[in-house]
Amino acid sequence: MTVEPGGKIFPATKRSSDVLSILMSECSRRGVEAICNQSVHRVARADSRFIVETGTSSYRADVVVIATGGASYPATGSTGDGYHLARELGHTITETAPALTPVMVQDYAFADLAGISFENLPLSLFRAGKKVRQVSGDLLFTHTGLSGPGVLDLSRFILPGDILKVSFFPGIDQEAVRKQVTDAIAGSGTRQVKTVLAGLPLPERFAKRLLELAGVTPDLTCSHLPKQARQEIIASLTGLPFTVLRLGGFDEAMVTRGGVALGEINPKTMESMIVPGLYCIGEVLDIDGDTGGYNLQAAFSTGMLAAKSITGKYPSRS
Ligand SMILES: Cc1cc2nc3c(=O)[nH]c(=O)nc-3n(C[C@H](O)[C@H](O)[C@H](O)COP(=O)(O)OP(=O)(O)OC[C@H]3O[C@@H](n4cnc5c(N)ncnc54)[C@H](O)[C@@H]3O)c2cc1C
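A quick note: this is a predicted structure, and the numbers were derived from the prediction, not measured.

### Some points on the overall build of the chain
When its secondary structure is counted, the chain shows eight helices and 15 strands. Taking the principal axes of the C-alpha coordinates as reference, the chain spans close to 85 × 45 × 35 Å. Buried positions account for 40% of the 318 residues belonging to the chain. The long-range share in the chain, meaning contacts at least 24 apart out of those at least 6 apart in sequence, stands at 67%.

Next comes the structure, spelled out in structure tokens:
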């Protein structure tokens with residue numbers, strides 16, 4: 001196992017399949033049988049037991065755990081079935097929506113810079129002219145919009161029409177940045193503006209694009225730079241505004257917001273307070289968190305609580 005800066009933990013091999021093998025071999029050691037390629041269509045109550053129906057078979061069970069994940073990234077198998085199964089058994093499902101998504105913005109000018117990323121930038125969110133949130137995080141330009149951990153985390157709070165302002169200087173007082181760039185341009189008379197910008201800690205192609213956006217030709221010298229263009233460049237460096245058009249859909253979202261209402265689940269055991277013997281764990285619940293393992297942790301922790309409760313009630317299953 002390796003622990004990266006920021007506390008991210010990976011298997012030493014960096015292969016997710018190794019985590020799966022460990023879990024599967026532990027299951028087999030404990031006599032757990034996994035039946036694959038059978039999608040559960042219906043779970044019904046019969047006396048005090050459950051009938052679980054798949055397309056091809058029907059199973060009877062004392063205990064059922066809904067662990068079907070959310071509705072995001074359906075290609076991985078989580079298509080939102082758990083919400084229907086839980087609803088049919090009487091549970092309330094709070095409104096679901098994609099979360100941790102890329103952000104699509106108006107007049108996106110960085111599609112051809114896809115892959116360029118920045119670390120730990122100040123990201124500020126404005127709604128109706130008011131700053132509603134500020135975080136620091138990594139940003140990635142994609143072919144279609146903005147992504148990266150900082151943007152994904154902030155996406156949980158973003159609405160279409162919001163303005164996202166990005167400063168490209170992490171951890172520095174923005175007023176100091178303004179002064180530094182203004183002084184650099186003012187003191188560089190016959191040097192080209194692009195040469196002065198090349199001295200800043202920015203990817204070269206990005207700096208060039210900012211100049212294009214400010215209407216500055218490649219050979220323009222600092223002494224010929226109009227005041228308005230200078231102010232525009234500085235404003236872009238310290239708070240480039242992006243107007244949000246829309247957030248990514250379920251096919252791009254890493255997690256799903258909303259789900260089985262937490263008020264109907266015992267938080268100590270994850271057992272339903274409506275249907276005894278029914279458990280809900282992981283992302284099917286109305287839980288979503290930032291990137292960085294919080295969603296996986298929620299899935300593992302709720303799974304552990306349910307397992308402890310079930311093996312406590314049915315010792316033969318431990
Ligand atoms: C690209 C991507 C990156 C992510 N990165 C992070 C990250 O960095 N950190 C983090 O914390 N989280 C991350 N997540 C989210 C995290 O993977 C999920 O929150 C977590 O896997 C949820 O676990 P779960 O067991 O509840 O559901 P899932 O892992 O979604 O598992 C649900 C399982 O149920 C099966 N299933 C669904 N319906 C049925 C049915 N009707 N019958 C039978 N089986 C069914 C599915 O096939 C699937 O195998 C990421 C997700 C994606 C897609």
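### Things to note about the site of the ligand
In the vicinity of the ligand, 20 residues are found, and the nearest of them are Val-40, Asp-81, Glu-283, Asn-295 and Leu-296. Val-40 is positioned such that a nitrogen or oxygen atom in its backbone is 2.8 Å from a nitrogen atom of the ligand. A distance of 2.5 Å is found between an oxygen atom of the ligand and a side-chain nitrogen or oxygen belonging to Glu-283. Contact with the protein chains hides 67% of the accessible area of the ligand, taken as 1000 Å² for the molecule alone. Here the element with the most residues in the shell around the ligand is helix 8 (residues 294-313); it accounts for four residues. Looking at the shell around the ligand, its residues break down into eight nonpolar, 10 polar and two charged.

### A closer look at the pairing of strand 12 (residues 163-166)
The alternating pattern of strand 12 places Leu-164 and Val-166 on a buried face, while none of Ile-163 and Lys-165, on the opposite face, is buried. Note that strand 9 (residues 117-127) and strand 12 share four bridges and pair antiparallel. When the bridges of strand 12 are listed, Leu-125 appears paired with Leu-164. Bridge count between strand 12 and strand 13 (residues 240-247): four bridges; the pairing is antiparallel. Across the sheet, residue Lys-165 finds its bridge partner in strand 13, namely Pro-241.

Rules used throughout
- Residues numbered from 1 in each chain as written.
- Predicted model: local features only at pLDDT ≥ 70, side-chain atom pairs only at ≥ 80, totals over all residues.
- Heavy atoms only, no water.
- Helix = DSSP H or I, 4+ residues; strand = E, 2+ residues; numbered from the N terminus.
- Buried < 20%, exposed > 50% of the residue type's maximum accessible area, 1.4 Å probe, protein only.
- Contact = heavy atoms within 4.5 Å.
- Near = heavy atom within 4 Å.
- Polar contact = N/O pair within 3.5 Å; in protein donor to acceptor, adjacent residues only side chain to side chain.
- Areas by Shrake-Rupley, 256 points an atom, 1.4 Å probe, with all protein chains shown as cover.
- Nonpolar A, V, L, I, M, F, W, Y, C, P; charged D, E, K, R; others polar.
- Pairing = 2+ DSSP bridges.

Just distances and angles here, no functional claims.
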